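# Examining the three-dimensional arrangement
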Amino acid sequence: MTLPVSIEEARAQLQLGGDTSHDTEVSGFIADAAAWVAKYTGHRLEAADVTETFDGFGRLELRAWPIFSEAIPAVAYADVSGTPVGVTGARIDVSARPARVLAALGARWPTVSSGTLTTVTVRAGYAAPGDVPRNFKRAMLILISAYDADREGGDVFAKAEAAAKSLCRDYRLRRL
């Protein structure tokens, strides 16, 4: 998969034209900007299988977002002897964020002792760069410019980060 900002777009943002001599550094700026957006919003910018761990089978709410609507979660836990046990038929509710992993229709989760860890693996992220919200790309380009212009992380970067937060704020998970 690829990130929503290409090396060519980043070069254009930095007014480097066709100069490829800085591509290693520019690629680092792209990765750093993508990591910032992902951390701030909780959105995965590239599709990947994500595994999250929970204590037992309480509310299995996934931090990863977006979750593919057709995703089939792989749910597992370790029995008393430590042997991994897969749970079949689990389903996912992506109608709201956070997505919830639910037991199969008409079934219940297994009863496990306190402290038993449950893992859920599911496909999350955007399938293609064009699926990523445009504001994320704009925020990344602003951050890329700031990384280049303000290498010490001073006032220029602080202003760029504030602008990026403003662009991404509506995409953050809100909890009451």
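Higher on the page you've got the structure.
The paragraphs below set out a description of the structure included in this document. (Residues numbered from 1 in each chain as written. Predicted model: local features only at pLDDT ≥ 70, side-chain atom pairs only at ≥ 80, totals over all residues. Heavy atoms only, no water.)

## Here's the deal with the sheet that holds strand β7 (residues 117-124)
Taking strand neighbours across the sheet as the criterion, the four strands line up as β1-β7-β3-β4 in an open arrangement whose pairing is antiparallel. In this open sheet, the two strands that pair with only one neighbour each are β1 (48-55) and β4 (84-87). For this sheet, the mean angle separating the axes of adjacent strands, direction not counted, is 25 degrees. (Pairing = 2+ DSSP bridges. Helix = DSSP H or I, 4+ residues; strand = E, 2+ residues; numbered from the N terminus. Axes fitted to C-alpha atoms, helices over the stretch in contact; angles between N-to-C directions.)

## Brief notes about the pairing of strand β3 (residues 74-78)
Residues V75 and Y77 of β3 are buried on one face, while the alternating residues A74, A76 and A78, pointing to the opposite face, are not. Alignment of β3 against β7, held across four bridges, turns out to be antiparallel. Across the sheet, A74 pairs through a bridge with T121, a residue of β7. Sheet topology places β3 next to β4; four bridges connect them, and they run antiparallel. What sits directly across from A78, in β4, is P84. (Buried < 20%, exposed > 50% of the residue type's maximum accessible area, 1.4 Å probe, protein only.)

## Thoughts on the side chain of T118
Mapping T118 onto the fold places it in strand β7. Of the residues examined, T118 reaches a relative accessible area of 0% and is grouped as buried. Among the polar contacts made by the side chain of T118, one reaches the main-chain carbonyl oxygen of G56 at a distance of 2.7 Å. Ignoring anything within four residues of it in the chain, the contact list for T118 reads E52, T53, F54, G56, F57, V75, A76 and Y77. (Polar contact = N/O pair within 3.5 Å; in protein donor to acceptor, adjacent residues only side chain to side chain. Contact = heavy atoms within 4.5 Å.)

## What about the sheet that holds strand β6 (residues 99-102)?
In any sheet, the strands associate via hydrogen bonds between backbone groups, in a parallel or an antiparallel arrangement. Across the sheet, three strands lie side by side as β2-β6-β5; this open sheet has antiparallel pairing. Two strands in the sheet have a free side with no partner beyond their single neighbour: β2 (60-62) and β5 (91-93). Each strand of the sheet is rotated relative to its neighbour by a mean of 30 degrees, with strand direction disregarded. As judged from the three bridges shared by β2 and β6, these two strands associate in the antiparallel manner. Within β6, the position partnered with L60 by the bridge is V101.

## With respect to the nonpolar core
Burial of nonpolar side chains together is a common tendency in soluble globular proteins. Counting 28 residues, the largest nonpolar core has I30, W36, V37, L45, M140 and I144 as its most contacted members. Discounting chain neighbours no more than four positions away, the residues touching I30 are L3, V5, S6, I7, A10, M140 and I144. The next biggest cluster of nonpolar side chains, apart from the first, holds 21 residues, and it includes L62, W65, V101 and W109. (Core = buried A, V, L, I, M, F, W, Y, C linked by side-chain atoms within 4.5 Å.)

## A word on the packing of aromatic side chains
Aromatic ring pairs are reported here in terms of the distance separating the ring centres and the angle at which the planes meet. Per the stated rule, a full pass over the model turns up six aromatic pairs. Plain terms: the ring middles of Y147 and F157 are 5.4 Å apart, the flat faces sit at 20 degrees to each other, and that makes the pair stacked. On the criterion of sequence distance, the pair formed by Y147 in helix α3 (residues 134-149) and F157 in helix α4 (residues 155-168) is long-range, its members being 10 residues apart. Note on accessibility: Y147 and F157 belong to one class, buried. An aromatic cluster of three or more residues is present, and its members are F29, Y147 and F157. Over the ring of Y40 we find R172, and its NZ or CZ is 4.1 Å from the ring centre. (Phe/Tyr/Trp six-rings, centres within 6.5 Å; stacked < 30°, edge-to-face > 60°. Lys NZ or Arg CZ within 6 Å of the ring centre and 35° of its normal.)

## Description of the pattern of salt bridges
Across all of its chains, the model carries six salt bridges by this definition. The salt bridge involving D23 is made with R11; its shortest N-O contact spans 2.8 Å. With D23 in helix α2 (residues 23-41) and R11 in helix α1 (residues 7-13), this residue pair connects regions lying 12 residues apart in the sequence. Of the two residues examined, D23 and R11, each falls in the buried class. Here R63 makes a salt bridge to E52, at a shortest N to O gap of 3.9 Å. Pair noted here: R63 is in the loop between β2 and β3 and E52 is in strand β1, with a separation of 11 residues, a long-range link. According to the relative accessible area criterion, R63 is exposed, its value standing at 57%. (Salt bridge = Lys/Arg side-chain N within 4 Å of Asp/Glu carboxyl O.)

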